[in-house]
Amino acid sequence: MRLACGSYILLFNEGGIEVRKDARILYSNKRPMFVTVKTAFAVNAFYDGAYADTFASGEKIMARGTITVPTGSAFAFTDVYEAAGGGFKLSRTVEVLTAGDDLGFSTKVSLKMEASDDVHAYNCFAPGVWYKQNEFAPDSAIGKDLDNEYFWRMETRYALPLFAMQHIASGEAAALSRWAADATLPSTDIVRSENRTDPKCTVGAIGMSRPESKTLNYMYYGYGIRKELETETAGLSIDYVYPGGEGQLPVNRSYAGLDYHEKPKSFQRINHPVAAGFKQRYAVAVHFGQYDGFQPMMKDLWRVTYARLRDKLFEVDNARHFHNGMHILNRFTRQYGDSYGLPFACQLPDMDISSVSFQFGFVGQQPGIGYQLLRYGDKENVPEAFAKGVGVIDFWTKTAMTESGLPRMCYNPTLQGFEPYPHYIRMLADGIEAVLDAYLYMRRKGDERPAWLAFCKRTADWLVNNQNEDGSFYRAYYADGSIRMDSKSNTPSAIRFLVQVYLVSGDDRYRTAAIKAGEWAYDHNYRTMEYRGGTCDNADIQDKEAGIYALFGFLALYDLTGEERWLEATIGAADYTETWTYAWTFPVQAPWPKHPFNRYSISGQSIITIGGGADVYMAACSYTYYRLHVITGDAHYLDFAEFIHKNTRQSTDVDGSIGYAMPGLGHESGNFASQTLQSHYHWLPWCTFVEVDPASRLYDTFGGYEIADAQKLLPEERAKRNRIYDTFGREAKV
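What counts, and where the lines are drawn
- Residues numbered from 1 in each chain as written.
- Predicted model: local features only at pLDDT ≥ 70, side-chain atom pairs only at ≥ 80, totals over all residues.
- Heavy atoms only, no water.
- Patch = residues over 30% accessible without salt bridge, like charges linked within 9 Å, V, L, I, M, F, W, Y side chains within 5 Å.
- Areas by Shrake-Rupley, 256 points an atom, 1.4 Å probe, with all protein chains shown as cover.
- Salt bridge = Lys/Arg side-chain N within 4 Å of Asp/Glu carboxyl O.
- Buried < 20%, exposed > 50% of the residue type's maximum accessible area, 1.4 Å probe, protein only.
- Helix = DSSP H or I, 4+ residues; strand = E, 2+ residues; numbered from the N terminus.
- Pairing = 2+ DSSP bridges.
- Axes fitted to C-alpha atoms, helices over the stretch in contact; angles between N-to-C directions.
- Contact = heavy atoms within 4.5 Å.
- Left-handed = near helix turned anticlockwise from the far one by under 90°.
- Nonpolar A, V, L, I, M, F, W, Y, C, P; charged D, E, K, R; others polar.

## Concerning a nonpolar patch on the surface
Reasoning step 1: A cluster of nonpolar side chains, namely Met219, Tyr220 and Tyr223, defines an oily patch on the protein surface of about 320 Å² accessible area.
Reasoning step 2: Of the residues examined, Met219 reaches a relative accessible area of 36% and is grouped as partly exposed.

This is the structure in structure tokens:
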């Protein structure tokens, strides 16, 4: 018996399964029924078996059998296979027939990788969690230590519940993903431990494993308990485990003084109860393909899974949301002595100000907010907002410049001076682009602000004079221009500003510097996927925002030159960056009564760094993804642009009904992989800025606050308006 999908044939033979292509066996499982039991000793032992009965039923294949473990517990498997969704679908039911002396169980769908048992022979993809061999991940991340036996993570940690393995030499890839976004809340009255049983857990884990024929449980202090098992392991496999587990992971805080020398680790497992009549029901998608490299594989499998699982669009009036955001920024921007700015942090729900400090970019976004305020105040006839916006830009241009030509990054009004904060290239780009935007806006009004332009040009001169020979910039500098952090991965952050200051000034040095930076980034960010260090308050690890700023930089070079290589790199950065966005949804509870997640979905939030929580920073990209759609005609970019233009709003009090101090407010970030939100429950200025800024640019370019409004324009008109550099800064050349 067989099922076919393209050139891949799923064969059923002697109670096992094989996946063949051109008569070659790529993947197999001789004993597809697999159960792990939590014994009376709270140690997990695993058993497997071949199907006892396999038969065709229409266009589906049914496979059944029972596993009875030494304690007498018996588990009946019914698996249904079919070709569906561009791949295969496996629907599984497992019923406990007899309960022996066991405390819990889990089951597994897996395929042995026939090409090699060496983990290093594969690149892996798990959205927001694992890219290639996770070489740019923190030491605590799954996959960082490839000598482990188990590489499983709960699927709620993944932006989409998807894990793929690609054999590097052949390009052949296999992927497992959850079939439907139908997870429910687990038990909320118990604490997650290293080996718990929860009948309500409906979330799996996806990853790979290469286990020994031994038990593996870590005691609470990280000591591994191993006992030989009779079950013969098959080698390296890609796995879907239900319910899920987390492991193996290093223990960051191990106990001191223990008399063993192994590296302490953890392996958290979730089990279902071994109770007669208890049933598991879950479904998994299986996809195969051959790709010319990692990036095509990542793009294709992300899109296939996205199309099946993408959450519905959130209903929001984006014009109203924009105005609510501007009301927030106007209300909380004020004069502090001789300075203008917004608080660094305010606690929700009442906006209790907890810290006052101004950052040039990143989480503070002070000049960016200044630009938005003066623009809003002028267009909407709100003199207070206009005056505050001008005040913010004036403050930074008069105060922040150093003798070296590198603006300072973080001002504290209590000290009436600057905090000792590194000069991050990414944070520099945020602020200096906004000062240039403000300069151009005022000049178009006939209000020349030469000091603002001089501030921008002096910064641009610093960038030109400090650019490395290879075109790169370092991640961070000291005020005198010496190196603070020597990673070069943030180089794309400077590109868009250099392009735009060239367009304003006509100085070819800035254009040359932008292209040199782009060439370095093309080779080192785009081609090798070295997107790391984009978040200034995290280590130099793989993250989303490095991808975002590469997207911004490459698109600016394409807008400037029209060269296809820059569009190629733009598409590459866009395809990488979107994979950090929670496109699916699952229920999450917040510990505070006034929180949007108690009512709305978490979809649209995006993972910050590998191993980190999630926030709304993808909101900053809706305008850019829409522009990319207009350039390429790719319908997926249109869909994704609208998705992040709407669903990111779900973490805000979008209509005032949640009970926050003002409608439109939302929290900075949180971790909800456990399905219980963990968060500082506070607002930072960037949270509102990244929602109003792309909305204002969408309006200025295409004439509406909704992407649907832009789509009403004739295609020729959209394309014409999308050439944003045709007239950029021309009236401001000096």
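## Some thoughts on the pattern of salt bridges
Opposite charge on two side chains permits them to pair, given that their charged atoms come into close proximity.
Reasoning step 1: Tallied over the entire structure, the rule returns 43 salt bridges.
Reasoning step 2: One salt bridge connects Asp470 with Lys488, and the closest N-O pair in it is separated by 2.8 Å. Of this pair, Asp470 sits in the loop between helix H6 (450-466) and strand S33 (476-477) while Lys488 sits in the loop between strand S34 (483-485) and helix H7 (495-505), placing them 18 residues apart in sequence.
Reasoning step 3: A salt bridge links Glu563 to Arg565; its shortest N-O distance comes to 2.9 Å.
Reasoning step 4: Residue Arg565 is classed as partly exposed on the basis of its relative accessible area, which comes to 32%.

## Things to note about the sheet that holds strand S28 (residues 352-355)
Reasoning step 1: Taking strand neighbours across the sheet as the criterion, the three strands line up as S28-S27-S38 in an open arrangement whose pairing is antiparallel. Whereas interior strands pair on both sides, the edge strands pair on one side only; in this sheet they are S28 and strand S38 (682-683).
Reasoning step 2: Note: strand S27 (residues 345-347) against S28, three bridges, orientation antiparallel. Bridge pairing links Cys346 to Ile353 in S28.

## Digging into the pairing of strand S2 (residues 8-13)
Reasoning step 1: Burial within S2 is extensive, with five of its six residues counted as buried.
Reasoning step 2: With four bridges connecting them, strand S1 (residues 2-5) and S2 associate as antiparallel partners. Its bridge partner lying in S2, Cys5 is registered against Tyr8.
Reasoning step 3: Hairpin remark: S1 followed by S2, antiparallel, with two residues in the connecting loop; positive phi at Gly6, about 60°.
Reasoning step 4: Counting the residues between successive antiparallel strands, the hairpin from S2 to strand S3 (residues 16-21) contains two residues, one of them, Glu14, with a positive phi of roughly 50°.

## Here's the deal with the sheet that holds strand S9 (residues 74-84)
Reasoning step 1: The sheet built from nine strands is open, its strands ordered S7-S8-S9-S10-S24-S16-S15-S12-S13 with antiparallel pairing. Two strands lie at the open edges of the sheet, namely strand S7 (53-57) and strand S13 (130-132), each paired on one side alone. Pairs of neighbouring strands in the sheet enclose a mean axial angle of 20°, with direction left out of account.
Reasoning step 2: Bridge analysis of S9 against strand S10 (residues 87-98) gives eleven bridges, and the strand direction is antiparallel. Within S10, the position partnered with Phe75 by the bridge is Val96.
Reasoning step 3: Packed onto the sheet, helix H1 (residues 294-309) meets strand S12 (122-126), S13, strand S15 (162-167), strand S16 (172-178) and strand S24 (279-290) and runs at close to 155° relative to S15.

## Section: the packing of helix H5 (residues 425-444) against H6
Reasoning step 1: Their axes nearest at 9 Å, the elements H5 and H6 cross at an angle of 145°. As H5 runs across H6, the sense of the crossing is left-handed. Every residue of H6 that contacts H5 at Ile425, Leu428, Ile432, Val435, Leu436, Ala438, Tyr439 and Met442 is listed here: Trp452, Leu453, Phe455, Cys456, Thr459, Trp462 and Leu463.
Reasoning step 2: Its residues placed into classes, the contact of H5 with H6 shows 14 nonpolar, one polar and no charged.

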